[in-house]
Amino acid sequence: MELELRHLKTVRAIADAGSLTRAATALGLAQPALSAQLKRIERALGGALFVRGRHGVRATALGELVLERSRIVLPAVTELQQEAARFARAPRTAERLRIGGTHGPLLGALLDRLAGVAPDARMTTCTSWSERELAGQLTEGRLDFALAGTCGTAPPPPGEGLVWREVAVDPVFVMVPDGHPLAHRAEVDLTELADEEWACVPGDGCFGDCFTASCARAGFTPRRMYETDTASLVHLVQVGRAVGLCRATFPTTPQILTRPLVGTPLTWRHLLGWHAATQRQDTAAAVLSQARMAHANVAANSDSYTEWMSAHRVP
C-alpha cells in the first residue's frame, strides 16, 4: 500500500483524539474499520505508530517522526490547494511579465513602475551577470523582457528575432571609500588611480577590455582586478582594499562615494530587449517607456550623477 495524504490525516486525528474510539467518532468511522486502517498504515511505514493502553494511545518514536513530518506536509498541501484555487479563479486576462536583468537598481525601479501601471499583472524576475544568458532566455521564450547593457557602442547580445532598444547611456564612475584622498574631488583623473587595485562586477561583454584599454591610454596597467558580486565589491571599497567601477546610477552606500572620471573614458549603455515574434508592439513600447522613466528616477536619486549631469548640461 502506498502512503497517501488521507493516511497522514488519519494518524493526525488519532494523535489529536488520544484514543481510537474518539478518533473513529471524529472521522465518522466504526472503530474496527479505523483499527484495520491504522494497521495497514503501520505496515506501509514499517512499524507501530501508537502504543495502546487502558487510557488511550501514545505515539511511538516512529509515530512521533510521522506526526512531526505531517505537521509540515499537511499545511503545505492545504496552502497549495488554496493557491491553485485562487490561480484557477484569476481572470485569464491578467498579464504575465517575466523580466530579466543584470544586477543593479534599474530592474527594481522598472518593477516598481510596472506595478503601478499594471497592478493586476503577475511579475517574476530573473537576474544574471551574463547578458548572453539573458538573450538566450529571451530567444527560448523563458523571458518576456530583459534589461541588459553594453560597454560604449558595443553591439547588443546576439539572438535570432531579438529586438534591443536603448534605455539610457550612463558614464562609468569610480567608487572610493569616504576617507580616500580623492573622495571629495568633483572629478577624478584615471591617471591618479594608477597605483590602486580595482573591483567590479563580472560580465561576459567587453567592459574588462575597454577598461584595460582606457588605463593603457592613461599610461598604466591595472595592478589587480577583483571580479566579484556587488556586496563583496562594496566591502572591498569600504575597507580600502580596492577602488570600484560602477554605473553612475549606483545607489548611495554608507562609507562610499562615487565620483566621475575626467573625460568620461567609459560609458555603459542600458538596453531593453524582447523577442519580436512574442511581444505585441504596444506592450513593448509601454515597457520601454517605463524603463526610461525608471532610469530617470534612479539617476535623480544619485547626488553625484545629478551634479555631473548639471555640470555637463545633460537634460
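Residues numbered from 1 in each chain as written. Predicted model: local features only at pLDDT ≥ 70, side-chain atom pairs only at ≥ 80, totals over all residues. Heavy atoms only, no water.

As recorded in an unreviewed UniProt entry, the chain goes by LysR family transcriptional regulator and comes from Streptomyces hyderabadensis. Under the UniProt heading Sequence similarities (unreviewed entry), the note attached to the chain is "Belongs to the LysR transcriptional regulatory family." (UniProt positions renumbered as here; feature names shortened; annotations may be inferred.)

Undergrad: Lay out the layout of surface pockets in plain terms, naming residues and giving numbers.
TA: Space inside the largest pocket adds up to approximately 750 Å³. Taken together, the elements giving at least two residues each to the lining of the largest pocket come down to helix H6 (131-139), strand S5 (145-151), helix H7 (207-217), strand S8 (225-227), helix H8 (230-238) and strand S9 (243-247). Here the lining of the largest pocket takes four residues from H7, the largest share from any one element. Class assignment for the residues of the lining of the largest pocket results in 23 nonpolar, eleven polar and five charged. In this structure, the second largest pocket occupies an estimated 200 Å³ of space. In terms of lining, the second largest pocket is formed by Phe-250, Pro-251, Thr-252, Thr-253, Ile-256, Leu-257, Thr-258, Arg-259, Ser-302, Asp-303, Ser-304 and Glu-307. Only strand S10 (256-260) and helix H10 (303-311) provide two or more residues apiece to the lining of the second largest pocket. Top contributing element to the lining of the second largest pocket by residue count: S10, with four residues. (1 Å grid on protein atoms, 1.4 Å probe; cavity = no way out; pocket = protein on both sides within 12 Å on 5 of 7 lines; lining within 4 Å. Points joined across faces, edges and corners; volume = space filled by probe spheres on them. Helix = DSSP H or I, 4+ residues; strand = E, 2+ residues; numbered from the N terminus. Nonpolar A, V, L, I, M, F, W, Y, C, P; charged D, E, K, R; others polar.)

Undergrad: So what about the UniProt feature "domain: HTH lysR-type" (unreviewed entry) in the chain? Which residues, and what values?
TA: Per the UniProt entry, the sites bearing "domain: HTH lysR-type" (unreviewed entry) are residues 3-60 in this numbering. For residues 3-60, the end-to-end C-alpha separation is 18 Å, with 62% helix and 14% strand making up the annotated structure.

Undergrad: For the packing of aromatic side chains, give the residues involved together with the corresponding values.
TA: As enumerated under the stated definition, the model contains five aromatic pairs in all. Judged by centre distance (6.0 Å) and plane angle (80 degrees), the rings of Phe-173 and Tyr-305 are edge-to-face. Of this pair, Phe-173 sits in strand S6 (residues 162-177) while Tyr-305 is found in helix H10, placing the two residues 132 residues apart along the sequence. Of the two residues, Phe-173 and Tyr-305, both sit in the buried class. Aromatic ring contacts, followed pair by pair, group Phe-173, Tyr-305 and Trp-308 into a single cluster. (Phe/Tyr/Trp six-rings, centres within 6.5 Å; stacked < 30°, edge-to-face > 60°. Buried < 20%, exposed > 50% of the residue type's maximum accessible area, 1.4 Å probe, protein only.)

Undergrad: Pulling in residues and values, what's your account of the pattern of salt bridges?
TA: All chains considered together, the criterion is met by ten salt bridges. Where Asp-16 meets Arg-12, a salt bridge forms, and the shortest distance between an N and an O atom there is 3.0 Å. Pair noted here: Asp-16 and Arg-12 are both in helix H1 (residues 5-17), with a separation of four residues, about one helical turn. Across the salt bridge formed by Asp-204 and Arg-132, the nearest N and O atoms sit 3.9 Å from each other. (Salt bridge = Lys/Arg side-chain N within 4 Å of Asp/Glu carboxyl O.)

Undergrad: Provide a residue-level description of H6, including the pertinent values.
TA: Residues of H6 that are buried: Glu-131, Leu-134, Ala-135, Gln-137 and Leu-138. The arc that holds the buried residues of H6, viewed along the axis, is 160 degrees, so those residues lie on one side. A side-chain oxygen of the first residue of H6 lies 3.4 Å from the backbone nitrogen of Arg-132; this N-cap is Ser-130. Positive backbone phi, approximately 80 degrees, marks Gly-141, located one or two places after H6. (Arc of directions from axis to C-beta. Polar contact = N/O pair within 3.5 Å; in protein donor to acceptor, adjacent residues only side chain to side chain.)

Undergrad: Would you mind going over the pairing of strand S11 (residues 267-275) in detail, with residue names and values included?
TA: With eight of nine residues buried, S11 lies mostly within the body of the structure. Pairing between S5 and S11: six bridges, direction antiparallel. Bridged to Ala-146 within S11 is Gly-273. Direction of pairing for S6 relative to S11: antiparallel, over a ladder of nine bridges. Residue pairing in the sheet places Val-169 in a bridge with Arg-269 of S11. (Pairing = 2+ DSSP bridges.)

Undergrad: Give me the lowdown on a nonpolar patch on the surface, citing residues and values where you can.
TA: Together, Leu-5, Ile-72 and Val-73 give the surface a local cluster of nonpolar side chains, amounting to about 240 Å² of exposed area. Relative to the helices and strands, Leu-5 resides in helix H1. Given a relative accessible area of 33%, Leu-5 falls into the partly exposed group. (Patch = residues over 30% accessible without salt bridge, like charges linked within 9 Å, V, L, I, M, F, W, Y side chains within 5 Å. Areas by Shrake-Rupley, 256 points an atom, 1.4 Å probe, with all protein chains shown as cover.)

Undergrad: Lay out the environment of Val-243 with the relevant residues and their values.
TA: Here Val-243 shows up in strand S9. Looking at Val-243, the relative accessible area reads 1%, which means it is buried. In contact with Val-243, other than residues within four places in its own chain, are Val-174, Met-175, Val-176, His-180, Glu-196, Glu-197, Trp-198, Ala-199 and Val-237. (Contact = heavy atoms within 4.5 Å.)

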